[in-house]
Amino acid sequence: MRSPEKILSAIIAPIAVCFSILTGSASAETRDSPLQDGTISYAMTDLFWAVYQTPDAKEECPAGFNDGPREQFAKLYPDHTEMTVQDTQLRQEIQTWLPDTEPDGFDFYEVEGPYSWGLNLDNEDSEEDFEHPDGTKGIDNQVYRAVGCVIGFRGPDGVEYIFQNKAILDQNYSRMMIKLSDVDDLQNDEAVTITLFRGMDRLLTDATGLNVVPGGSQRIDRRWGESLIRQTAGSIKNGILSTVPIDEVIIPWMNLGVPSIQIIRDMQFELQLTPEGATGLIAGYADIDAWYYQLIRNDSTHHLSNGQISGISLYKALRRLADAYPDPESGANTAISTALDVKMRQVFIVDEE
């Protein structure tokens, strides 16, 4: 049991801090900075696949955008009113839920432009790689090559883009956050520790309910989120956090009210840090099966059609472009390089354990 002296100290300490703030005797760090005892935390507010876009899309998608389920259905079954549901709609649904890598008879337009957001994951520069707009070579982002010419994945009005970020604000299921510890300076620090947690609480917003503001509290989900906790090392240079890759990260992912997950291997962060928030990239290799089944479980053919997203064609493209983690038996790659745009707001993490 804790001694009476320790209990009394625990009661007096926060009172003393409050008194020092009220009387003006608290340090500048205590009063003004969320960096406390070498620790600062952030909660994700936006997370979506990084898609490099030009205003008219001619650079990255010179052939145009891909057809979706409705367009493909009309071409496959021009006389569908005289056919059975089993031979038309159900046939396509079976292909959607039990996809294969055989050609489907439709052209699929991959991104052809030279530029992409992302990171160089393998420290190489190959013909498959992109160039970052800042001139960095060897950018690995094959998910972008697959989805960049699919309307539903393009901002600001693509259905996937809209509903994924909306779910993070509206629902607690996707509440992911990071804690930086051993931090001496948010501008430059050679060694910091990064821990990933799942949170439990709504994000703190302004009066509109649309804009997340810094300073909210988040409890750690120790019941359902314990298995999601990960830790890695990193450094901060000129305000940018870079991390050592994490072997595997599971990200809770919700869209249109349906819970699912993404599995990212060799995941790393590159974030511009401020006391109020962080913006930047998450990059790694997405497990293809988890990626695909998240999409069709969350959306169904109806919502995929609104974004002209053919699950059947997209699955074949993902398999064709996969570039990591070959299956030991078949040799086929099971993961695909990717990058996600991420935004975060500063929070105070509460660990009720």
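Scroll up to find the structure this text is about.
Residues numbered from 1 in each chain as written. Predicted model: local features only at pLDDT ≥ 70, side-chain atom pairs only at ≥ 80, totals over all residues. Heavy atoms only, no water.

Enquirer: Account for the packing of aromatic side chains, naming residues and giving values.
Expert: A full pass over the atoms with the stated rule returns twelve aromatic pairs. Aromatic side chains F48 and F153 sit 6.2 Å apart centroid to centroid with 25° between the ring planes, which places their arrangement in the stacked category. Within this pair, whereas F48 is found in strand β1 (residues 40–49), its partner F153 is found in the loop between α5 (142–147) and α6 (159–170), the two being separated by 105 residues in sequence. Of the aromatic side chains, those joined through ring pairs into one cluster are F48, W49, F153, Y161, W253 and W291. Just above the ring of Y173 sits the side chain of R198; from NZ or CZ to the centre is 4.9 Å. (Phe/Tyr/Trp six-rings, centres within 6.5 Å; stacked < 30°, edge-to-face > 60°. Helix = DSSP H or I, 4+ residues; strand = E, 2+ residues; numbered from the N terminus. Lys NZ or Arg CZ within 6 Å of the ring centre and 35° of its normal.)

Enquirer: Outline the environment of L256, listing residues and values.
Expert: By secondary structure assignment, the location of L256 is in the loop between β7 (246–255) and β8 (258–273). As for L256 and D299, which are separated by 43 residues in sequence, their C-alpha atoms are 7.0 Å apart. Filtering out sequence-adjacent residues up to four positions away, L256 remains in contact with F163, N298, D299 and H303. (Contact = heavy atoms within 4.5 Å.)

Enquirer: Outline unusual backbone geometry, supporting the account with residue identities and numerical values.
Expert: Here the amide bond leading from G155 into P156 is cis, since omega sits at 5°, within 30 degrees of zero. Locating P156 in the fold gives a position in the loop between α5 and α6. Phi angles above zero are rare outside glycine, and D37 is one such case at about 55°. With respect to the helices and strands, D37 occurs in the loop between α2 (28–32) and β1. For D37, a relative accessible area of 77% corresponds to the exposed category. Of note in this structure, D266 is not a glycine but carries a positive phi near 55°. Mapped onto the fold, D266 is located in strand β8. (Buried < 20%, exposed > 50% of the residue type's maximum accessible area, 1.4 Å probe, protein only.)

Enquirer: I'd like to hear about the side chain of S41, residue by residue, with values.
Expert: Looking at the secondary structure, you find S41 in strand β1. Take S41: its relative accessible area is 4%, and that puts it in the buried class. What S41 contacts, discounting residues up to four positions off in sequence, is I178, K179, R345, Q346, V347 and I349.

Enquirer: I'd like to hear about the state of the cysteines, residue by residue, with values.
Expert: Inspection of every chain in the model, using the stated rule, returns one disulfide. A sulfur-sulfur distance of 2.1 Å marks the disulfide that ties C61 to C149. Taking the sign of the torsion about the S-S bond as the criterion, the disulfide between C61 and C149, at about -100°, is left-handed. Of this pair, C61 sits in the loop between β1 and α3 (69–76) while C149 sits in the loop between α5 and α6, placing them 88 residues apart in sequence. (Disulfide = S-S within 2.5 Å.)

Enquirer: Could you give me a rundown of the nonpolar core, with the residues and numbers involved?
Expert: Core analysis: the largest hydrophobic core is formed by 62 residues, its most contacted members being F153, W291 and L314. In terms of nonpolar packing, the next biggest core, distinct from the first, is built from nine residues, L281, A283, Y285 and A339 among them. (Core = buried A, V, L, I, M, F, W, Y, C linked by side-chain atoms within 4.5 Å.)

Enquirer: I'd like to hear about the pattern of salt bridges, residue by residue, with values.
Expert: For the structure shown, the criterion picks out twelve salt bridges. One salt bridge connects R154 with E60, and the closest N-O pair in it is separated by 2.9 Å. Linking R154 in the loop between α5 and α6 with E60 in the loop between β1 and α3, this pair joins segments that are 94 residues apart in sequence. In this structure R154 comes out as buried when scored by relative accessible area, which is 8%. Taken together, the shared-partner salt bridges in this structure form one network comprising R222, E226 and D351. (Salt bridge = Lys/Arg side-chain N within 4 Å of Asp/Glu carboxyl O.)

Enquirer: So, the pairing of strand β2 (residues 176–181): which residues are in play, and what are the values?
Expert: By the criterion of burial, β2 is predominantly enclosed, with five of the six residues buried. Strand direction decides the pairing type here: β1 and β2, joined by four bridges, are antiparallel. Within the sheet, the bridge partner assigned to A43 lies in β2 and is M177. Pairing of β2 with strand β3 (residues 189–198) involves six bridges; the strand directions are antiparallel. The residue bridging I178 from the neighbouring strand is L196, located in β3. (Pairing = 2+ DSSP bridges.)

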